[in-house]
Amino acid sequence: AQKVTQAQTEISVVEKEDVTLDCVYETRDTTYYLFWYKQPPSGELVFLIRRNSFDEQNEISGRYSWNFQKSTSSFNFTITASQVVDSAVYFCALSEAAGANSKLTFGKGITLSVRP
Amino acid sequence: DTGVSQDPRHKITKRGQNVTFRCDPISEHNRLYWYRQTLGQGPEFLTYFQNEAQLEKSRLLSDRFSAERPKGSFSTLEIQRTEQGDSAMYLCASSLGGRAETQYFGPGTRLLVL
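## Looking at the nonpolar core
Residue and element names in this part refer to chain A.
Move 1: Ranked by size, the top nonpolar core spans 25 residues in total, and within it L21, W36, W66, F75, F77, Y90 and L112 carry the most contacts.
Move 2: Going through the elements one at a time, β2 (10-14), β3 (19-21), β5 (32-39), β6 (46-52), β8 (64-69), β9 (74-79), β10 (88-96) and β12 (110-115) are the ones with two or more residues in this core.
Move 3: In terms of residues, this core owes the most to one element, β10, which gives four residues.

## Topic: the interface of chain A and chain B
Move 1: Taken together, the contacts link 22 residues of chain A with 24 residues of chain B.
Move 2: Interface area, chain A with chain B, both sides summed: about 1,900 Å², of which 50% is carbon and sulfur.
Move 3: It is L45, N101 and S102 of chain A in chain A that bury the most area against chain B; as a group they hold 23% of the surface buried on that side.
Move 4: At the surface where chain A touches chain B, the tally comes to one salt bridge.
Move 5: Here E56 of chain B ties to K103 of chain A by a salt bridge, and the two come within 3.2 Å at their closest N and O atoms.

## A few points about the sheet that holds strand β3 (residues 19-24) of chain B
Residue and element names in this part refer to chain B.
Move 1: Across the sheet, which stays open at both edges, the four strands sit in the order β1-β3-β8-β7 with antiparallel pairing between neighbours. At either end of the open sheet lies a strand with only one pairing partner, and these are β1 (5-7) and β7 (65-68). This sheet shows a mean twist of 15° between the axes of neighbouring strands, independent of strand direction.
Move 2: Strand direction decides the pairing type here: β7 and strand β8 (residues 75-79), joined by four bridges, are antiparallel. Paired with F65 across the bridge in β8 is I79.

Procedures and definitions
- Residues numbered from 1 in each chain as written.
- Chains lettered and ligands numbered in written order.
- Predicted model: local features only at pLDDT ≥ 70, side-chain atom pairs only at ≥ 80, totals over all residues.
- Heavy atoms only, no water.
- Core = buried A, V, L, I, M, F, W, Y, C linked by side-chain atoms within 4.5 Å.
- Buried < 20%, exposed > 50% of the residue type's maximum accessible area, 1.4 Å probe, protein only.
- Helix = DSSP H or I, 4+ residues; strand = E, 2+ residues; numbered from the N terminus.
- Contact = heavy atoms within 4.5 Å.
- Buried area = accessible area lost by both parts, 1.4 Å probe.
- Salt bridge = Lys/Arg side-chain N within 4 Å of Asp/Glu carboxyl O.
- Pairing = 2+ DSSP bridges.
- Axes fitted to C-alpha atoms, helices over the stretch in contact; angles between N-to-C directions.

If you want it as structure tokens, here you go:
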């Protein structure tokens with residue numbers, strides 16, 4: 001069975017601070033995919049990134065960066081110089097490659113509040 | 001740029017009533033997923049379609065729930081004899097298919113059962 005744990009439930013920072021959102025996952029598969037989604041107050045889940053289990057290179061996209069470490073089963077997300085518009089709930093998710101169903105298993109989410 | 005759309009966005013109903021939600025996926029996407037999200041939780045998988053075939057249903061999907069995707073395009077999710085525990089956000093997502101393709105989500109339908 002697969003599982004995603006987001007131990008942090010709520011984080012509050014002041015604008016321009018850096019913030020890291022943690023994600024730890026469990027899976028028996030050797031091939032799997034990890035995702036981050038953002039859910040603003042409007043409710044729609046917005047796709048941010050997808051990584052496969054064979055690619056441990058860290059990725060940077062503007063103010064966003066992701067640190068994937070297989071050794072610790074973690075896929076952490078850092079926002080540099082946070083902005084008020086970053087306030088949202090952030091979900092980490094896992095999909096196993098075996099089988100035809102690519103259903104996502106989500107963590108419980110982290111509510112990020114960025115104060116001006 | 002047409003994303004995934006869902007209708008209605010909000011639904012309030014009385015316990016025991018039937019409700020139906022609609023999802024229109026991104027046009028070239030052949031996979032369609034339904035998830036349910038309760039307050040303070042992440043979305044949970046309910047069911048998915050490859051074209052018009054419903055290939056898997058979660059144990060969360062009781063007999064009161066039925067989903068269809070008649071022509072492999074839009075999908076409907078019906079809940080019969082609603083219960084207060086059905087109150088949740090119902091999210092639809094679509095993808096191109098293949099293993100672990102990225103799923104793109106719609107805005108969701110928020111259901112409140114009184």
